[in-house]
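Chain and residue survey
Letter by letter, the chains look like this.
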Amino acid sequence: MTPPVTVLMPVYNGLPHLKPAIESILAQTFTDFEFLIINDASTDESVACIQSYADPRIRLIENRPNLGTARTMNRGIELARAEYIARLDQDDVSMPRRLEAQLTYMRERPHLDITCTWEYGLNHGGERLRNWRTCVDDNGGFLGPLLLGKCPIWHPSIMFKRQAMLDAGGFDPSMSPVEDFETTMRMALKGKSAGVVPEYLVGQRDHAARQSITKYALQWKRTQDLHDAMLARFSDGTDVAGLGSLLRLEDAWWRRASSKADVVALIRGVETTLERVGLDLSLTPAEMDTMRKVVYRRLGPGVKWAGALAAFPTAIVYAALFTGSPLLIPGLRPFASALNERVRRLRYAGRTRSVVC
């Protein structure tokens, strides 16, 4: 009988974290799953580690040669037997109730195509570094973060309907190392629905070898390009590069807005873009309201104030903008981000409780 869930884990040189990753799946409270592990031409002892487990739910597939993450994920989606696919990266761990809670959440909400969960950030030894929480209330909440250049769901903990991912086209290998972001964006623009299970069900390991660290510069550049391309689809003559910088809270937006007229044009471009997204994707009034809240909560009310005061002198417009939206002040956001990281490290300093058994 076909199980309802396939757990898909690509592996490439997975040691030393592969063993706890595998065992976190084998220890799930929900037991009716297949565990599809695809060895992507690893050169360490990963295969021996996988083969040391005699559990019949494990299916080991070998890639020869190395295919990379996107192609390996696509191969796994094609080979999966289940209706739902849960992803786990080789260095992360799933909490014991992950499959049970995530599958129940999706079955109770049959309109959802993809979900993630809240996540722990873990260090090398499996000790908790931080808590990651997010929410996606509806399709407006799915699209809102994307309009800000942010991914609304976290791929280390995704579970998705196999057919929905096939319909969306799967993962695009040409988009590496931002294939997760691009796939999420494509699903949202195709009208797929997402949700977030409000439980800490996956531990994402933070270490120096993660792609988000080793390829950060390339990842950020391609994220910017993808974001600008998305905005261009809904643009109405607005400076797309400037609008993208504004929505991403980059200092570069200020260099493209040399006058009050430029600033007002970019600000008005935000609302124009929101309206066009809503029309093009047939969002309901409630979804439009959610999308606007997500965007303006991030930008701050100063964006609205400055637009409403466009006829007033430049000093008043700028005062309203930066009073209500201080993160748009050049140089402030990097400082605020660094301060937040410092506070986080102090908050978790000295904690030794491991979430990995």
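The paragraphs below set out a description of the structure included in this document. (Residues numbered from 1 in each chain as written. Predicted model: local features only at pLDDT ≥ 70, side-chain atom pairs only at ≥ 80, totals over all residues. Heavy atoms only, no water.)

**Brief notes about the pairing of strand E6 (residues 114-122)**
The buried fraction of E6 is high, at nine of nine residues. In this sheet, strand E8 (residues 159-161) lies alongside E6 in antiparallel orientation, the contact comprising two bridges. Its bridge partner lying in E8, Ile114 is registered against Phe160. Direction of pairing for E6 relative to strand E9 (residues 194-205): parallel, over a ladder of nine bridges. Residue pairing for E9: Cys116 is matched across the bridge by Val196. Sheet analysis places E6 next to strand E7 (residues 128-132), joined by four bridges and oriented antiparallel. Considered in E7, the bridge of Tyr120 is made with Asn131. The antiparallel pairing of E6 with E7 creates a hairpin that spans five residues between the two strands, and Gly126 there sits at a positive phi of about 85°. (Buried < 20%, exposed > 50% of the residue type's maximum accessible area, 1.4 Å probe, protein only. Helix = DSSP H or I, 4+ residues; strand = E, 2+ residues; numbered from the N terminus. Pairing = 2+ DSSP bridges.)

**As for the packing of aromatic side chains**
Two measures describe an aromatic ring pair: the distance that separates the ring centres and the angle between the ring planes. Here the structure, examined in full by the defined rule, presents seven aromatic pairs. Pairing Tyr120 with Tyr200 gives two aromatic rings, centres 4.9 Å apart and planes at 10°, and the pair type is stacked. Of this pair, Tyr120 sits in strand E6 while Tyr200 sits in strand E9, and the two are 80 residues apart along the sequence. Since its relative accessible area comes to 13%, Tyr120 is described here as buried. Here Trp253 and Trp254 contribute two aromatic rings whose centre-to-centre distance is 5.5 Å and whose plane-to-plane angle is 75°, an arrangement assigned as edge-to-face. For Trp253, a relative accessible area of 2% puts it in the buried group. Owing to a relative accessible area of 30%, Trp254 belongs among the partly exposed residues under this scheme. Three or more aromatic residues joined by ring pairs form one cluster here, namely Trp253, Trp254, Tyr318 and Phe322. For Arg109, the ring lying beneath its charged end belongs to Tyr105, and the centroid distance is 3.8 Å. (Phe/Tyr/Trp six-rings, centres within 6.5 Å; stacked < 30°, edge-to-face > 60°. Lys NZ or Arg CZ within 6 Å of the ring centre and 35° of its normal.)

**Observations concerning the pairing of strand E1 (residues 5-11)**
Most of E1 is tucked away, with seven of its seven residues classed as buried. Here E1 shows two buried faces, one formed by Val5, Val7, Met9 and Val11 and the other by Thr6, Leu8 and Pro10. Bridge count between E1 and strand E2 (residues 33-39): seven bridges; the pairing is parallel. Counted as the bridge partner of Pro10 is Ile38 from E2. Note that E1 and strand E4 (residues 84-87) share four bridges and pair parallel. If you follow Val5 over to E4, its bridge partner there is Tyr84.

**A look at the nonpolar core**
Generally speaking, a soluble globular protein has its nonpolar side chains buried in company with each other. In this structure, Ile114, Leu143, Trp253, Val270 and Leu321 are the most contacted members of the largest nonpolar core, which totals 65 residues. The next biggest cluster of nonpolar side chains, apart from the first, holds 23 residues, and it includes Met9, Ala21, Leu103 and Met106. (Core = buried A, V, L, I, M, F, W, Y, C linked by side-chain atoms within 4.5 Å.)

**Describing helix H12 (residues 260-280)**
With 21 residues, H12 extends 30 Å from end C-alpha to end C-alpha; this agrees with the ideal 30 Å at 1.5 Å per step. When H12 is considered as a whole, its buried residues turn out to be Val263, Val264, Leu266, Ile267, Gly269, Val270, Thr273, Leu274, Val277 and Gly278. Trailing H12 by a residue or two, Ser282 shows a phi angle of about 55°, which is positive. (Expected span 1.5 Å × (residues − 1).)

**Some words on the pattern of salt bridges**
Taken as a whole and judged by the stated rule, the model has 19 salt bridges. Measuring nitrogen to oxygen at the nearest pair gives 2.8 Å for the salt bridge that ties Asp280 to Arg233. In this pair, Asp280 is assigned in helix H12 and Arg233 in helix H9 (residues 216-233), connecting sequence segments 47 residues apart. Overall, the relative accessible area of 44% leaves Arg233 in the partly exposed class. Note that Asp289 and Lys293 form a salt bridge whose closest N and O atoms lie 3.2 Å from each other. Of this pair, Asp289 and Lys293 both sit in helix H13 (residues 285-299), four residues apart, which is roughly one turn of that helix. In this structure Lys293 comes out as partly exposed when scored by relative accessible area, which is 47%. Beyond isolated ion pairs, a larger network of salt bridges with shared partners links Glu34, Arg59 and Arg81. (Salt bridge = Lys/Arg side-chain N within 4 Å of Asp/Glu carboxyl O.)

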